[in-house]
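# Working through the structure, step by step
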Amino acid sequence: MKNHLRSILIFSFLIIGCAALFAGGAKESDGTKVVVYTTKSFAADYGPGPKIAELFKAKTGKEVEYVICKEGVLNRAILEGKASTADVLIGIDNHLIEKARKAKVLKAYKPTASDKIDSDVLIADDWLLTPFDYGYFAFMFDTKAKIKKPSSLKELIESAYAKKIVILDPSSSTTGLGLAAWTRAVFGDNYLDFWKALKPNIFAMAPKWSTGYGYFTAGEAPIAISYTSSLASHVLYDKTNRFQPLIFEEGHIIQIEGMGIAANAANTKGAKEFIDFMLTEEAQSLLPETQFMYPVIKGLALPASYKDVPKPAKVLRIPSEDQTESVNAVINVLQK
């Protein structure tokens, strides 16, 4: 009888434990570790993540555990729901804020150093996302290519660029999403007409930036979507100005990458400390030559590799809204 009762109790505890786990109730933290969901480019050895974790631990005594989200930080957070172990989500940008808001994967936090952030790169008044870096989307051009240099988005649909342009999948790449948003900012309701005309000129639609840009630097295509600041990477590592960002007359859309506290964070205190630390000069100064994006705090000097990186005269934005419908529309056009 005792053994039978003991078995019932054990079974009951297992059921309760499993139910709590899937409801998110079993997640606890002793406060000594901050779990950060992020991208490979941030967390890899060549990114800023390892050094930031080292500096953060020295300052706070807390470990940082990075979880690389190959499917995208926001997608991972949505898929996991309350089962997520994230304290911080880093890498959701200004074009994804409405999707994140609808999914309720973030909770608001206004950093202690919010006044240091350049007001031009603020993402949301409700502080669900705090900016940590930004950049401008641009097409990079191989100056050794035997084609004329385009000066506008409109020129990219000309037959001279047939099978010469690398783009990125807007459903899996924030850079690809940024290009879709850019075309909406320039062409308005007629943006799909541009995509229909561009289709014959696309060499490849890669799933992620590293794959697509690899086609470009390998010489397989002379034009690829990236950022104006990609030039700084070539100057720093390749010692060349061969690959140049094209500055277009219609203007360039800005990408602002953000960070926020996960809605079900187990270590909210540590998450706040991490976000605060990301806005310090020691963290921000790492970003220009690891992320190859601009720091968001005011007055921080850029390294010499940025000397010839052009800034667009006209900066574009689109209204803050869920981009899912427009992304699906672009993909439908390209798949027909």
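Right, let's walk through the structure included here. The model shown is predicted, which means the values in this text are computed figures rather than measured ones. (Residues numbered from 1 in each chain as written. Predicted model: local features only at pLDDT ≥ 70, side-chain atom pairs only at ≥ 80, totals over all residues. Heavy atoms only, no water.)

### Here's the deal with unusual backbone geometry
Cut-off, in case you're wondering: Think of it this way: any DSSP run of H or I at least four residues long counts as a helix, any run of E at least two long counts as a strand, and we number them from the N terminus. Here's how the labels work: a residue is buried when its accessible area is under 20% of the maximum for its type, exposed when over 50%, partly exposed in between, all with a 1.4 Å probe on protein chains only.
Positive phi values are uncommon outside glycine, yet lysine 163 reaches one of about 55°. With respect to the helices and strands, lysine 163 occurs in the loop between strand 5 (130-142) and strand 6 (165-168). For lysine 163, a relative accessible area of 53% corresponds to the exposed category. Positive phi, close to 55°, is recorded for phenylalanine 292, a residue that is not glycine.

### Side note on helix 3 (residues 49-60)
Short version of the rule: For a helix, the expected span equals 1.5 Å multiplied by the number of residues minus one. We call two residues in contact whenever any of their non-hydrogen atoms come within 4.5 Å of each other.
Between its first and last C-alpha, helix 3 extends 16 Å over twelve residues, near the 16 Å set by a 1.5 Å rise per residue. Within helix 3 the residues assigned to the buried category are Gly49, Ile52, Ala53, Leu55 and Phe56. In this structure, the buried residues of helix 3 make contact with strand 1 (33-38), helix 2 (40-43), strand 2 (63-68), helix 10 (268-278) and helix 11 (281-284). Glycine 61, located one to two residues past helix 3, shows a positive phi value of around 80°.

### So, the side chain of glutamate 257
The cut-off we apply is this: Charge assignment in this entry is limited to Lys and Arg as positive and Asp and Glu as negative, and neither His nor the chain termini are counted. A side-chain nitrogen of Lys or Arg and a carboxyl oxygen of Asp or Glu constitute a salt bridge if their distance falls within 4 Å.
Mapping glutamate 257 onto the fold places it in strand 10 (residues 252-262). At 14 Å, arginine 317 is the nearest oppositely charged side chain to glutamate 257, a buried residue that forms no salt bridge. Residues in contact with glutamate 257, not counting those within four places in the same chain, are Gly91, Ile92, Asp93, Ile123, Thr130, Pro131, Phe132, Asp133, Gln291 and Met293.

### Let's talk about the pattern of salt bridges
Scanning the entire structure with this criterion turns up 15 salt bridges. Of the charged contacts, one joins glutamate 80 and arginine 76 as a salt bridge, the two residues approaching to 2.7 Å between their closest N and O atoms. With glutamate 80 and arginine 76 both in helix 4 (residues 73-80) and four residues apart, the pair spans about one turn of that helix. Given the relative accessible area of 25%, glutamate 80 is considered partly exposed. A salt bridge links aspartate 308 to lysine 307; the shortest N-O distance between them is 3.4 Å. On the accessibility criterion, lysine 307 (66% relative accessible area) is exposed. Linked through salt bridges whose partners overlap, the residues forming this network are Lys62, Lys269 and Glu273.

### Section: the packing of helix 7 (residues 191-198) against helix 12 (residues 324-335)
Short version of the rule: Every axis in this analysis is a line fitted to C-alpha atoms, fitted for helices over the stretch in contact. Angles between the N-to-C directions lie between 0 and 180 degrees. For classification purposes, angles smaller than 35 degrees are called roughly parallel, those larger than 145 roughly antiparallel, those between 65 and 115 roughly perpendicular, and all remaining angles oblique. Crossings are classed by handedness, with left-handed meaning an anticlockwise turn of the near helix from the far one by less than a right angle and right-handed meaning a clockwise turn. Under the grouping applied here, Gly and all other residues not named as nonpolar or charged are polar, the nonpolar ones being Ala, Val, Leu, Ile, Met, Phe, Trp, Tyr, Cys and Pro and the charged ones Asp, Glu, Lys and Arg.
In the contact formed by helix 7 and helix 12, the axes pass within 9 Å of each other and the chain directions differ by 30°. One way to sum up the angle between helix 7 and helix 12 is to call them roughly parallel. The interaxial crossing formed by helix 7 with helix 12 has right-handed handedness. Along the contact surface, helix 7 presents Tyr191, Leu192, Trp195 and Lys196, while helix 12 presents Ser326, Ala329, Val330, Val333 and Leu334. Each residue belonging to the contact of helix 7 with helix 12 can be placed in one class, and the counts come to seven nonpolar, one polar and one charged.

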